[in-house]
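# What the coordinates show
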Amino acid sequence: PEILNTFKQDYDISDVSFKTWIKPLQVKSFEDNVVTLVYQGETEMLGLQYIKKKYQIPLKVTIEEIMKMELELQFVLPSDIKDEPSETEEHITINESASLTSRIAEANLNSKYTFDTFVVGSNNILAHDTSLAVAESPGGIYNPLFIYGGVGLGKTHLMQSIGHFVLNKNPNAKVLYTTSESFTNELIETLRNKSGNQQEMSDFRAKYRNVDVLLIDDIQFLQKKESTQEEFFHTFQYLYMHKKAIVISSDRKPKDLEGLEDRLVNRFESGLTVDIQSPNYETRMAILKKKVEVEGIDIPNDVLDYISTNVIFNIRELEGSLTKIIAFSKISNQTIDLDFAKDVLKDYISPEEDNTITCKKIIEVVADHFGISPNDLASKKRSKEIAYARQVCMYICKTLTDETNKKIGLALHKDNPSTVIYGVNQIKEEMARDINTKNMVEVIIKKLNTK
Ligand code: ADP
Ligand code: MG
């Protein structure tokens, strides 16, 4: 590695070229002034020829400088050296699991995120089942799979689970997890380096096209990035035509991705789109219990209940609360009970004494009721569901608080008070017409009062 790094710096080789061509080289042997390098890259013979043509002389010079002697370089493929008798069966298994580990790392996967650790609830069962189906037959079913939902609800966890599943079944499958942000940055980096642009560009393309499963997270980052969208479109088309699996995640559905080319939105919608909602109480409890089980710690049920009841929108925060309690109990050497938990989480969970109903609280409860995030509810987003939930929110704020239309509007990021008047009237009328709406509003108010 030292040789390779010196070489990279001396010859100013780009990251992409380095990763594709140089990094897969390993010194196999060094005998009688002959250095044998094995090329373990994907492209085998073709790659080897390319390396010989382009890098043989510079590599020779670098190695000679480091070794301070004249040498001859020889390049081989792993298959050229397989016939050595030294490998026992045991070695092979060790190598296999080592190779699975390295495949997982190459694919950018975090070993925490597997189907085994994912708790299935009514909020995510569809996303879970379709992800599993894609993992079982990548590219053959639901292509692309588009998963959307609010932050911290398990999108990344699910996507990575697909990657693990595929690699476990077939360690030779080519899986690549990335975020659309990394994709963008890498593209910018490639385009920035004017020299050798052509080569780097084809390396970049090869990296994203030479895969069986492409997992691309948080696609909303591509909004308004025209040239990245252009490049991604071609990547998408290439993979799609070759029946390679594409899984995409986003914080909103394809239609709501503003500043994204229509052709991309259309492609995203052409497969299967599934959402993940906020988990309900039971699922929150199950997630906490799973985590406790994994950590091997005993935590009283009323503590878990306290967390599940109060941390409702975001699984990352749900887990975070638990982690905090565990950490504090270790540090302070105190046993975990309800009072201890309340104390640790006092900044996290609003104190229960505070029973006044505010617009903020109403937003939280209404959002929970509709399974959307409070941020989405209080935003300019105009999807039908969200707009409707927002009107319900306006009605309840108007009914239960003394706030003016203007203040209610501001809490919901609507600067025009007449929007509030309109929303309140819509719900009022609907309640008069439809008993279901009336019941729904009552249920929400009940939830507010017991909170
Ligand atoms: P997102 O990508 O949607 O923002 P993540 O996948 O990063 O969310 O999930 C946030 C955290 O919550 C992660 O630690 C993840 O393991 C955990 N998590 C989310 N959903 C579940 C679930 N259904 N079961 C277990 N853990 C989950
Ligand atoms: Mg994520």
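Residues numbered from 1 in each chain as written. Chains lettered and ligands numbered in written order. Predicted model: local features only at pLDDT ≥ 70, side-chain atom pairs only at ≥ 80, totals over all residues. Heavy atoms only, no water.

An unreviewed UniProt entry lists the protein chain under the name Chromosomal replication initiator protein DnaA, from Eubacterium album. Turning to the protein chain, the UniProt record has this under Sequence similarities (unreviewed entry): "Belongs to the DnaA family." Per UniProt, the comment on the protein chain under Subcellular location (unreviewed entry) is "Cytoplasm". (UniProt positions renumbered as here; feature names shortened; annotations may be inferred.)

Bringing the overall build of the protein chain into the picture now. Helix and strand counts for the protein chain come out as 20 helices and eight strands. Split into buried and exposed, the 451 residues of the protein chain put 44% on the buried side. A separation of at least 24 residues holds for 71% of the contacts in the protein chain among residues at least 6 apart in sequence. Summed over all atoms, the accessible surface of the protein chain reaches about 24,300 Å², with 51% contributed by carbon and sulfur. (Helix = DSSP H or I, 4+ residues; strand = E, 2+ residues; numbered from the N terminus. Buried < 20%, exposed > 50% of the residue type's maximum accessible area, 1.4 Å probe, protein only. Contact = heavy atoms within 4.5 Å. Areas by Shrake-Rupley, 256 points an atom, 1.4 Å probe, with all protein chains shown as cover.)

Before going further, it helps to examine the site of ligand 1. For ligand 1, the set of nearby residues contains 17 residues, the closest of which are Val119, Gly152, Thr156, His157 and Glu319. Interatomic distance of 3.2 Å between a backbone N/O atom of Leu153 and an oxygen atom of ligand 1. Separating an oxygen atom of ligand 1 from a side-chain N or O atom of Lys155 is a distance of 2.8 Å. Relative to its free-state accessible area of 550 Å², ligand 1 is covered by the protein chains to the extent of 94%. Every element with two or more residues in the shell around ligand 1 is listed here: helix 6 (155-169) and helix 13 (315-332). Here the shell around ligand 1 is composed, by residue class, of seven nonpolar, seven polar and three charged. (Near = heavy atom within 4 Å. Polar contact = N/O pair within 3.5 Å; in protein donor to acceptor, adjacent residues only side chain to side chain. Nonpolar A, V, L, I, M, F, W, Y, C, P; charged D, E, K, R; others polar.)

A separate point is the confidence of the model for the protein chain. Per-chain confidence: the protein chain averages 87 in pLDDT, with 93% of residues scoring 70 or above. Below a pLDDT of 50 lies the segment residues 83-90, which in the model reaches four contacts outside its immediate sequence neighbourhood of four places, other chains included. (pLDDT = per-residue confidence, 0-100.)

This brings us to the packing of aromatic side chains. Per the counting criterion, the structure on display carries 11 aromatic pairs. On the numbers, 6.0 Å between centres and 80° between planes, the contact of Phe115 with Phe165 is edge-to-face. Taken as a pair, Phe115 in the loop between helix 4 (89-106) and helix 5 (125-136) and Phe165 in helix 6 lie far apart in primary sequence, 50 residues in all. Each ring, one from Phe183 and one from Phe204, has its centre 5.3 Å from the other, and the planes form 55°; the classification is tilted. Remark: Phe204 occurs in helix 8 (residues 197-209) and Phe183 occurs in helix 7 (residues 180-192); sequence separation between them is 21 residues. Phe183 gets classed as buried once you look at its relative accessible area, which sits at 1%. Classification of Phe204 by relative accessible area gives buried; the value is 0%. Its guanidinium or amino end placed over the ring of Phe221, Lys225 lies 4.0 Å from that ring's centre, counting from NZ or CZ. (Phe/Tyr/Trp six-rings, centres within 6.5 Å; stacked < 30°, edge-to-face > 60°. Lys NZ or Arg CZ within 6 Å of the ring centre and 35° of its normal.)

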